[in-house]
Amino acid sequence: MAELGTTTPGGYLLVLAILLPLGGMMLSFTPGGRWAERIALGSTPFGFALACAIAFDVGRSGKPIVYAVGGLAPPLGIALRADGISAVMLVAAAIIVAAAAFYARAKFATPEGVRESRSSLTYWIMLQAIWAALTIIFVGGDLFNLYVALELLTFAAVPLVCIDGRPETLAAALRYLLFALFGSISYLLGVALFYGAHGTLDIPLLAQRVQATPVVWTAAALMTCGLLAKTALFPLHLWLPPAHANAPAAASAVLSGLVVKGSFFLTLRLWFYVLPALPAEKIAIVLGCLGSAAIIAGSIVALRQARLKLLIAYSTVAQIGYLFLVFPLAAGAQSWSAIGWSAGVMQILAHAFAKAAMFFSAGLLAEALGHDQIAKLGGAARVLPLTFLTIALGGLSLMGLPPSGGFSAKWLMLQASAASGQWLWTLPVLGGGLLAAGYVYRILAPALSDERISLVSSPRRSQEVVALALTIIALALGFAPQAFFDFLEIGRPLAVRLP
Amino acid sequence: MSVLPVLDVVLASLVIGVALFTIAARDLFASVVGYVAYGLLLAFVWIRLYAPDVALTEAAVGSGVTGVLLITAGKRLGALKNAAPEMRPGLSLKILTGVLAALVAGALGAAILMLPDPPPSLAPEAAAAASGAGAGLENPITAVLMSYRSFDTMLEKIVLILAVVGVWSVGANKAWGSAPAPLRQSRPYAPMVLLAQTLAPVGVLIGIHIFWTGADAPGGAFQGGALLAAMWMVTMMARLAEPPRIDAQWLRMAMVAGPAVFLVTGLAGGVLAGSFFAYPPGIAKPIILAIEAFMVLSIATALPMLVAGPPSERPDQ
Amino acid sequence: MTPSVLAGLTGAALVGLGFYGLILHPHPLRKLLAFNLIGSGVFLVFGIVARRGAAAGFRFDPVPQAMVITGIVVAFAASAIAVALILRLSMESRNVTLDPEVWTRPNGGGAT
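Chemist: Honestly, the overall build of chain B in this entry has me stumped. Any pointers?
Modeler: In terms of helices and strands, chain B carries 11 helices and 0 strands. Taken from N to C terminus, the helices and strands of chain B fall in the order α-α-α-α-α-α-α-α-α-α-α. In chain B, buried positions account for 52% of the 317 residues.

Dropping the structure here:
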């Protein structure tokens, strides 16, 4: 265990990966203007390279990379750690941020004749801030450090919701902010109790010291409630649909694809890395039930939506529910918990890519047709073939049809349910797939009909290609080899139950 | 001393009482004033907890600058004169929420009473590291903020900058680039102007002093910077100075100076001191003070910009 | 009853009070005030943890106190963003409401 506090070679990559977007943010802010987009776009390849280097290093050594910041080991210092799931999330985030940056050039590049514009500067700075915050969330090893990263993420995501200034977006942003602040303060209260009980906030050290006392249960409950509010798990999901649906597509893609995954990632860290020693079966079942409710309720409401972007947003609420099935399916040290773990991570990745692609497509569609009413989509697939191909393929992953990452995730969930004897969870997985088929059909059926429809404006080919590329990645995840799933197990602590 | 426990109980009751008033008051303005008073009382509680640095920060930022922010907000909202009548929540909702809140408070109180004895603490480790990584700083909190957990502090400065951009982004498109609205609509009274003229220089000196002594005594960059920010706000409220244009290059560089210097020093530490965010031994204390000086500049410019709000087109918006 | 225990219970009471205000008050600025109350209660809990960590010649544990200082500044930044949103919202519309029915109109949109 001691090695999780000392710096490993390759640990410096973690610091560089964090400092790149942070530095980019500050460089974008100072001169402002067109520099913001140049720096944001220019740094994405470097960030991707760093993420790949980290993944390569973790895979080669088979152990997590560690960096003790300032050369001071925990508990007094802060450590950064990248294990299997960190590396995978870093690569995914780098790709999606790069795609969003590329897609957003059409709308958020500084216009001609102006030195600096409000929406441009805001978008590029917030995008880099989200990227930086997510990087810290994925590699952070100290619970208070992660709190500051969560706040960074919230302060970056909220202005993106209301970036176009319409009143409904302002209300949605304010509601999001209040939910998120409630979430942060609940998390922070849990942190205070953890420190008061065990004198450290370093994740492995805390895991060694933790006992099943009322204080620890209270702290865990508070932190989980806070993180659930930020992840928009049913019934704390009310803020998400207006926020994600009314934000511009370049923002919604990042919000639905990545931002909500950040707080979910921390929930995983809390229960699987800090508290594996706790007898948490009942909590796992509660989380699984809430997740199932989210799947069913979210999908049903999605079916009834009139606007495409709201449908996609409610689909996010439903797909987030699948994520929480990982808690009952991956708990413990049994043989099937690795399957459940792989299922959860695959769901995160598949949903991130598919949902980002769908929001990009919805944005292109709304611009091209002048509206995003599902009822008026008749014949649209004829005039926007690439866009609807993207929606169809993305829908494939959301429904869980092969070959796709979504299918892999659901198949693994069914396997884990069967192997662990928890047959109950097969119902929401299968039911959710059927309902998702329903709402994807709702979008595609009118679009593929023979009606005539005219375009208000033609979409940019480069943007369509970006969306298609993301959805192809979502499909390609379905072909992930066993080595990929073994990689995800690197660094995951196995449960050592308290007597 | 037998009077202290009584004092503590009186203080706690006052704090809770004023907090109750803040929640229960009908009028928004009364509620905000109650909150400022509550913050000052809380500073006393922090003194009783042997936390003078936190008391300073709470008085300066938690109650002081936050109070200005909320009062300014209340005034600007009142000036809009378009508020619809508020819906009062029903009695059953009040009772339900009250029960829920009591449960939350009760559970938290119980958890606090059940914290382990002997309590765990990092104070011994901090004492042991004081001469090494702690750079010989006599104020252990400054050592934690600027050395042991400096990464958190740098992140927090960046969070401040991000908040400023977020506040600016809420303004109108046409107004981008211009200055925020003045902190005060009407001409200030003469005594206010006199106060600003006499208080500001004194406050600036005290603020710099608090920052400087923070290395070895209670104080530090945050407290000093907050005081400097308050002095700038006082002069703006007296209309002796106006909020600057948001595209002013000096403003942006001043705000970014703190975290930028922090980041560059952290990177340099990787080369010169063997680890990112480590300091070369021997010159650690001067480096820390230099970083803190830039942090003071950043805080002193960022906090008033957060209070001033987004850019607005008409000067008297 | 030591000052720590008293302050800790005060913190718990403040969290409960703030929670009550956060849920009940319809006006967003009052919600923000209530959120600040919760925040200061949470910081008090950190504070008693710091005071209880008195050892080794220090009268307190410096790490939680440093966290409180960071937290106070972050909470202020959050309040500033919330205030900016609230003010802008009231300039744009008559109702300062967070009711989602008002904002998810079926024919809303135009956002791309």
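Alright, that's what it looks like, and here's the rest.
Chemist: Is there a simple way to explain the overall build of chain C in this structure?
Modeler: Looking only at helices and strands, one finds 4 helices and 0 strands in chain C. The burial tally for chain C puts 73% of its 112 residues in the buried class.

Chemist: How should the interface of chain C and chain B be read in this particular structure?
Modeler: Where interface size is quoted, it is often the accessible area lost as the parts come together. If you look at the interface, chain C gives 66 residues, while chain B gives 77 residues. Listing elements by their share of the side of chain C that touches chain B, those giving two or more residues are α1 (3-24), α2 (28-52) and α3 (62-92) of chain C. Grouping the amino acids of the side of chain C that touches chain B by side-chain chemistry returns 44 nonpolar, 15 polar and 7 charged.

Chemist: When you look at the packing of helix α14 (residues 335-369) of chain A against helix α16 (residues 385-399) of chain A in this model, what are you seeing that I'm missing?
Modeler: In helix packing, the relevant descriptors are the interaxial angle and the interaxial distance, both defined with respect to the helix axes. Residues and elements named next belong to chain A. Between α14 and α16, whose axes approach to 9 Å, the crossing angle comes to 150°. Relative to α16, α14 is oriented roughly antiparallel. In the crossing of α14 with α16, the sense of the turn from one axis to the other is left-handed. Residues Ala350, Ala354, Ala357, Met358, Ser361, Leu364 and Leu365 of α14 lie in contact with α16, whose contacting residues are Thr387, Thr390, Ile391, Gly394, Ser397 and Leu398.

Chemist: I would appreciate a short explanation of the environment of B:Ala25 in the present structure.
Modeler: All names here are of chain B. Inspection of the secondary structure puts Ala25 in the loop between α1 (3-24) and α2 (28-48). Using a count of 17 C-beta atoms within 10 Å as the deciding quantity, one classes Ala25 as partly exposed. Once the C-alpha coordinates of Ala25 and Thr301 are considered, the two residues, 276 residues apart in sequence, prove to be 33 Å apart.

Chemist: Please explain unusual backbone geometry as it appears in this structure.
Modeler: Trans is the common state for peptide bonds, and a negative phi is the common state for residues other than glycine. Residue and element names in this part refer to chain A. The step from Pro74 to Pro75 runs through a cis peptide bond, and the omega angle for that step is 10°. With respect to the helices and strands, the residue Pro75 is situated in the loop between β1 (65-68) and β2 (79-82). Note that the residue after Phe234, namely Pro235, is joined by a cis bond; omega there is 0°. Examined against the element boundaries, Pro235 turns out to sit in the loop between α8 (214-231) and α9 (240-246).

Chemist: Is there a simple way to think about the confidence of the model for chain C in this case?
Modeler: Close inspection of predicted coordinates is inappropriate for parts of the model with low pLDDT. Residues and elements named next belong to chain C. Averaged over chain C, the pLDDT score is 84; the fraction of residues at 70 or greater is 81%. Of the regions scoring below 50 in pLDDT, residues 100-112 engages in 28 contacts with residues more than four places distant in sequence or in other chains. Interface confidence for the predicted complex, given as ipTM, is 0.94, next to a pTM of 0.95.

Chemist: Would you explain helix α3 (residues 84-108) of chain A in this entry?
Modeler: Helical geometry: 3.6 residues make up each α-helical turn, so side chains three or four residues apart lie on a common side. Counted at 1.5 Å a residue, the expected span for α3(A) with its 25 residues is 36 Å, and the 34 Å between its end C-alpha atoms agrees. Maximal helix bending in α3(A) amounts to about 25°, located at A:Phe102.

Chemist: What exactly am I supposed to notice about the packing of helix α1 (residues 12-29) of chain A against helix α4 (residues 118-139) of chain A here?
Modeler: All names here are of chain A. Packing of α1 against α4 leaves a shortest axis separation of 9 Å and a crossing angle of 160°. For the element pair α1 / α4, the angle class is roughly antiparallel. Considering the relative orientation of α1 and α4, their crossing is left-handed. Across from Leu14, Ala17, Ile18, Pro21, Leu22, Gly24, Met25, Ser28 and Phe29 in α1, the residues of α4 making contact are Trp124, Ile125, Gln128, Ala129, Trp131, Ala132, Thr135, Ile136 and Val139. Taken together, the residues that form the contact of α1 with α4 break down as 14 nonpolar, 4 polar and no charged.

Chemist: In this structure, what is going on with the nonpolar core? I would like to understand it.
Modeler: Note that soluble globular proteins tend to have their nonpolar side chains buried in a common cluster. Membership of the largest hydrophobic core comes to 376 residues, with the highest contact counts inside it found for A:Ile54, A:Ile130, A:Leu152, C:Ala77 and C:Ile81. The element best represented in this core is α14(A), accounting for 23 residues. Those residues in contact with A:Ile54, other than ones at most four positions away along the chain, are A:Leu13, A:Leu14, A:Ala17, A:Ile65, A:Ala82, A:Ala87 and A:Leu90.

Chemist: Looking at this structure, I do not really get the pairing of β1(A). What am I missing?
Modeler: The side chains of a regular strand alternate, residue by residue, between the two faces of the sheet. Residues and elements named next belong to chain A. Residues Ile65 and Tyr67 line one face of β1 and the alternating positions Val66 and Ala68 line the opposite face, and both faces are buried. Taken together, the 4 bridges between β1 and β2 define a ladder with antiparallel strand orientation. Looking at β2, one finds that Val66 is bridged to Arg81.

Chemist: Just to check I follow, could you spell out the interface of chain A and chain B for this structure?
Modeler: Each side of the interface is counted separately: chain A has 44 residues, and chain B has 47 residues. Listed by contribution, the elements that provide at least two residues to the side of chain A that touches chain B are α1, α4, α5 (143-161), α6 (167-198) and α8 of chain A. When residues in the side of chain A that touches chain B are grouped by element, the largest group, 9 residues, is from α5(A). Its residues assigned to classes, the side of chain A that touches chain B shows 27 nonpolar, 14 polar and 3 charged.

Chemist: Before we go on, may I ask you to explain the domain arrangement of chain B in this structure?
Modeler: All names here are of chain B. Partitioning chain B into domains gives domain 1 (1-81), domain 2 (88-120) and domain 3 (128-317). Of note, the centres of domain 1 and domain 3, computed from C-alpha atoms alone, are 23 Å apart. On the domain 3 side, the residues contacting the 11 residues of domain 1 number 14 residues. Of the residues assigned to the side of domain 1 that touches domain 3, the class counts are 7 nonpolar, 3 polar and 1 charged.

Chemist: Can you help me understand α1(A) in this one?
Modeler: Taking 1.5 Å per residue as the helical rise, α1(A) with its 18 residues ought to reach 26 Å, and the 26 Å between its terminal C-alpha atoms agrees with that figure. Burial analysis of α1(A) places 15 of its 18 residues in the buried class, the great majority of the element.

Chemist: Any chance you could explain the environment of A:Ala437 here in plain terms?
Modeler: All names here are of chain A. Its location among the elements puts Ala437 in helix α18 (residues 426-447). Overall, the presence of 17 C-beta atoms within 10 Å leaves Ala437 in the partly exposed class. Spatially, the C-alpha atoms of Ala437 and Leu303 are 9.8 Å apart, while their sequence positions differ by 134 residues.

Chemist: Looking at this structure, I do not really get the environment of A:Glu464. What am I missing?
Modeler: Residues and elements named next belong to chain A. Along the chain, the position of Glu464 falls in helix α19 (residues 461-476). Sequence separation between Glu464 and Leu364 is 100 residues; the distance between their C-alpha atoms is 7.6 Å. Ignoring anything within four residues of it in the chain, the contact list for Glu464 reads Leu364, Leu386, Thr387 and Pro459.

The rules behind each value
- Residues numbered from 1 in each chain as written.
- Chains lettered and ligands numbered in written order.
- Predicted model: local features only at pLDDT ≥ 70, side-chain atom pairs only at ≥ 80, totals over all residues.
- Helix = DSSP H or I, 4+ residues; strand = E, 2+ residues; numbered from the N terminus.
- Buried ≥ 20, exposed ≤ 12 C-beta atoms within 10 Å, placed from the backbone.
- Contact = placed C-beta atoms within 7 Å.
- Nonpolar A, V, L, I, M, F, W, Y, C, P; charged D, E, K, R; others polar.
- Axes fitted to C-alpha atoms, helices over the stretch in contact; angles between N-to-C directions.
- Parallel < 35°, antiparallel > 145°, perpendicular 65-115°, else oblique.
- Left-handed = near helix turned anticlockwise from the far one by under 90°.
- pLDDT = per-residue confidence, 0-100.
- Expected span 1.5 Å × (residues − 1).
- Bend = angle between axes of the 7 residues up to and from the residue.
- Core = buried A, V, L, I, M, F, W, Y, C linked by C-beta atoms within 7 Å.
- Pairing = 2+ DSSP bridges.
- Domains from an automatic or database assignment.

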